[in-house]
Amino acid sequence: MKKWLWICPLMAMLSSCANVEKKQEVASAFERTWWKEGILYQIYPQSFRDTDGDGFGDFKGVIEKLDYIESLGITMVWMNPFFQSPLVDNGYDVSDYRAIHPRYGNMEDFEEMLEGFHQRGIKFVLDVVVNHSSEAHEWFQQAQSSRTNPYRDYYHWWPAEKGVPPYRHSLFDPEGAWEYDAPTDAYYLHTFAEEQPDLNWENPKLRQEVYDIMKFWAAKGVDGFRMDAFQFASKDTTWPEFPEGHEKDFVKWYGMRPQLHTYLNEMYHEVIEKYNVFAVAEGAGSTFQDAHDLVDADRNELQMAYHFETVDMSRTPERYTLAEFKDVFTRWDQAFAEKGWIAIFLSNHDNARLVNRFGNPNPKFRTPSTQMLNTFLLSMRGTPYTYYGDEIGMTNIDMPNIEDYVDVEAKGKYKAALAKGEDIDAFMKVLNYSSRENGRTPMQWNNSTNVGFGSGTPWKRVNENYTQINVSEQEVDPNSILNHFRKMAQVRKENAVLVYGDYTLLQAEHPDIYAFTRTLGDEKLLVLLNFSEEKTAITLSEIDHFGALLINNYNSLEREANKVSLLPYQAVLLKLQ
Ligand code: TEU
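Note that this is a predicted model, so its numbers are computed, not measured.

Quick notes on helix H7 (residues 204–220)
Now for step 1: An ideal rise of 1.5 Å per residue puts 24 Å on 17 residues; H7 measures up with 25 Å between its terminal C-alpha atoms.
Now for step 2: Listed in full, the buried residues belonging to H7 are Leu206, Arg207, Glu209, Val210, Tyr211, Ile213, Met214, Lys215, Trp217 and Ala218.
Now for step 3: A side-chain oxygen of the first residue of H7 lies 2.9 Å from the backbone nitrogen of Lys205; this N-cap is Asn203.
Now for step 4: Gly221 sits one or two positions beyond H7 and adopts a positive phi of about 115°.

Next up, the structure:
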């Protein structure tokens, strides 16, 4: 059989008219919505672009970059919290849900930014942090002042006369989730840092306050809500003793109590339905049943959820196998094949950089491996979430010393490791690899001073590799990670099969290549991703039906009959006929 090379991707094969019709046919299993068809870009506002020289990103910086954001082909933006806050957890400790932290600008700036997004057809998703507030919130100040204060029941308390409360694990505080509060001789609950007291969702007044906050922002025009740490909002308030070791299965014990569904349904009718917005939950419970119950459209709760299985498998430098990676995505896809909808993500502000965890940051492989991961992200069923900087392949930063860390989670983990007498060198290695700070460095716009982030010293050290990784250089290189992302976003937008089509895993056992098809009616695409730094081949009968090459992160593709050989981290998307 003749061996031949395809030169240059055949991008021109796309026909948007045909695809509009195709989209209209969709919906045997899924009702079409903009948030299913969207591509989301996550902006960590303090690290994006600083226009006033204070070292923190701001709304005006985002406004300045609106055209860039639009140019990515994304259609939704989720921005991390920018509300009034003491910033113990970089804004996930909110002291006023209706006010903007001056570091980001003011309400007028927000409105201008929102309008800028809307003018470009980009929807805006607000981060709603209501599992807990900041201790500096007026509600907590009131609640703390006396046991009879009307706001007391906005939080969870354990009166000290009952003794010490049963142990509860805290995600950020090595000393546990109950904090003694002397003025009223009681303990209050905090699932995260002690400055983040948990709100009491069992109290209907508190729930109403939350809905009012959401309405306030919906009335301003936001299009969606990301419900932070939401699976923990409803808990067993009899505060039972949990079995030893329970904290390893944290969500199962502390989250997803049955009444959560009642509250979500209430929220749906109070806010989601009235304002025609959508909500995505951070966390999908501990079983598929939990996840389904959250997002089953017939239940009128949430519209989308994201699970942690992928990020959980990549928190340490030991590599999971490609088979495990495929298995996670395949199981989650199958669980939602008929009903419900999930988000697809590989990175966010709580994780190290995508290329370090799933690709290969070695300069030799960084470009193809990031392109390959972005191809994956944009060719799965589910709404793709991409994190700022991943469209140019930003990498982890080297921070071997604890003194350089500012993140409350990192500091808490360090304290816990010390208290347990762990090997600190080994601990620091893992922290350096996995810490959330890796993903929060200033956006690398160009190779000038401060990477074009702003004139002041950035709040967080710039990654030294900015001279090799930055937007302005990738803009002019047609083969850059950035331009590949744009092509891939375009292909997704023009091919409804990538949004709604069935997913079928092929050759699950192939050690290096992730191969799958997406099928919708008579449209069929084949996705082939080489996850290794070696040239690797795969033989598939599907390849015989080759129609067109929609995406290729190299300039050629080696094919011999139904066998394709992929170069290191090569990613191709083939249209089959
Ligand atoms: O994260 C919730 C959560 O479960 C985190 O503990 C996450 O697993 C961890 O950060 C991974 O390292 C949300 C926000 O995304 C996070 O930024 C906040 O710190 C946290 O809630 C508290 O609001």
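Details of the pairing of strand E8 (residues 178–181)
Now for step 1: Pairing between E8 and strand E9 (residues 186–189): four bridges, direction antiparallel. Its bridge partner being in E9, Glu179 is matched across the sheet by Tyr188.
Now for step 2: Taken together, E8 and the strand that follows it, E9, pair antiparallel across an intervening segment of four residues, in which Asp185 is found at a positive phi of about 50°.

Notes on the sheet that holds strand E16 (residues 513–520)
Now for step 1: The sheet built from five strands is open, its strands ordered E15-E16-E17-E22-E19 with antiparallel pairing. Edge positions in the sheet fall to strand E15 (502–506) and strand E19 (546–552), since each of these pairs with one other strand and no more. Strand-to-strand twist across the sheet, computed as the mean angle between neighbouring axes with direction ignored, equals 25°.
Now for step 2: Helix H14 (residues 363–377) rests against E16, strand E17 (523–530), E19 and strand E22 (571–576) of the sheet, and its axis sits at about 150° to E17.
Now for step 3: Sitting on the sheet, helix H18 (residues 481–494) is in contact with E19 and E22, with an inclination near 135° to E19.

Some points on the site of the ligand
Now for step 1: For the ligand, the set of nearby residues contains 15 residues, the closest of which are Asp89, His132, Asp228, Asp350 and Glu409.
Now for step 2: Within the side chain of Glu282, an N or O atom sits 3.0 Å from an oxygen atom of the ligand.
Now for step 3: Contact distances for the ligand include 2.9 Å between an oxygen atom and a side-chain N or O atom of His349.
Now for step 4: Contact with the protein chains removes 95% of the 490 Å² of surface that the ligand exposes when unbound.
Now for step 5: Of the residues contributing to the shell around the ligand, the split by class is four nonpolar, three polar and eight charged.

Focus on the environment of Arg440
Now for step 1: Within the secondary structure, Arg440 sits in the loop between helix H16 (424–434) and helix H17 (471–475).
Now for step 2: The exposure class of Arg440 is buried, given its relative accessible area of 3%.
Now for step 3: Between the alpha carbons of Arg440 and Phe48 there is a distance of 9.2 Å; along the sequence they are 392 residues apart.
Now for step 4: The residues contacting Arg440, other than those within four sequence positions of it, are Tyr44, Ser47, Asn90, His349, Asp350, Tyr387, Tyr388, Asp407, Trp459 and Lys460.
Now for step 5: A polar side-chain atom of Arg440 sits 2.9 Å from the main-chain carbonyl oxygen of His349.

Thresholds applied
- Counting restarts for each chain, with residues numbered from 1 along the sequence as it is written.
- The predicted nature of this model means local features are confined to residues of pLDDT at least 70 and side-chain atom pairs, given and counted, to a pLDDT of 80 or more, with totals for whole chains, interfaces and linings taken over all residues.
- Based on all heavy atoms of the structure, the side-chain values leave hydrogens and waters out of the count.
- We count a stretch as a helix when DSSP gives it H or I for four or more residues in a row; a strand needs E for two or more, and each element gets its number in order from the N terminus.
- What a helix is expected to span follows from its residue count: subtract one and scale by 1.5 Å.
- Burial classification: accessible surface area is computed with a 1.4 Å probe over protein chains only, and a residue below 20% of its type maximum counts as buried, one above 50% as exposed, and the rest as partly exposed.
- Definition of a polar contact: a pair of N or O atoms within 3.5 Å, with one able to donate and the other able to accept a hydrogen when the atoms are protein atoms, and with sequence-neighbouring residues admitted only if both atoms are side-chain atoms.
- Two strands qualify as a pair provided DSSP detects at least 2 bridges between them.
- Only C-alpha atoms enter the line fits that serve as axes; for helices the fit covers just the stretch in contact. Angles between N-to-C directions range over 0 to 180 degrees.
- By definition, residues are in contact when any of their heavy atoms lie within 4.5 Å.
- A cutoff of 4 Å decides nearness: a residue is near a molecule or strand if any of its heavy atoms lies inside that distance of it.
- Here the accessible surface of atoms and residues is derived via Shrake-Rupley with a 1.4 Å probe, and residues count as covered only by protein chains that are part of the display.
- Gly counts as polar in this scheme, as do all residues outside two lists: the nonpolar Ala, Val, Leu, Ile, Met, Phe, Trp, Tyr, Cys and Pro, and the charged Asp, Glu, Lys and Arg.

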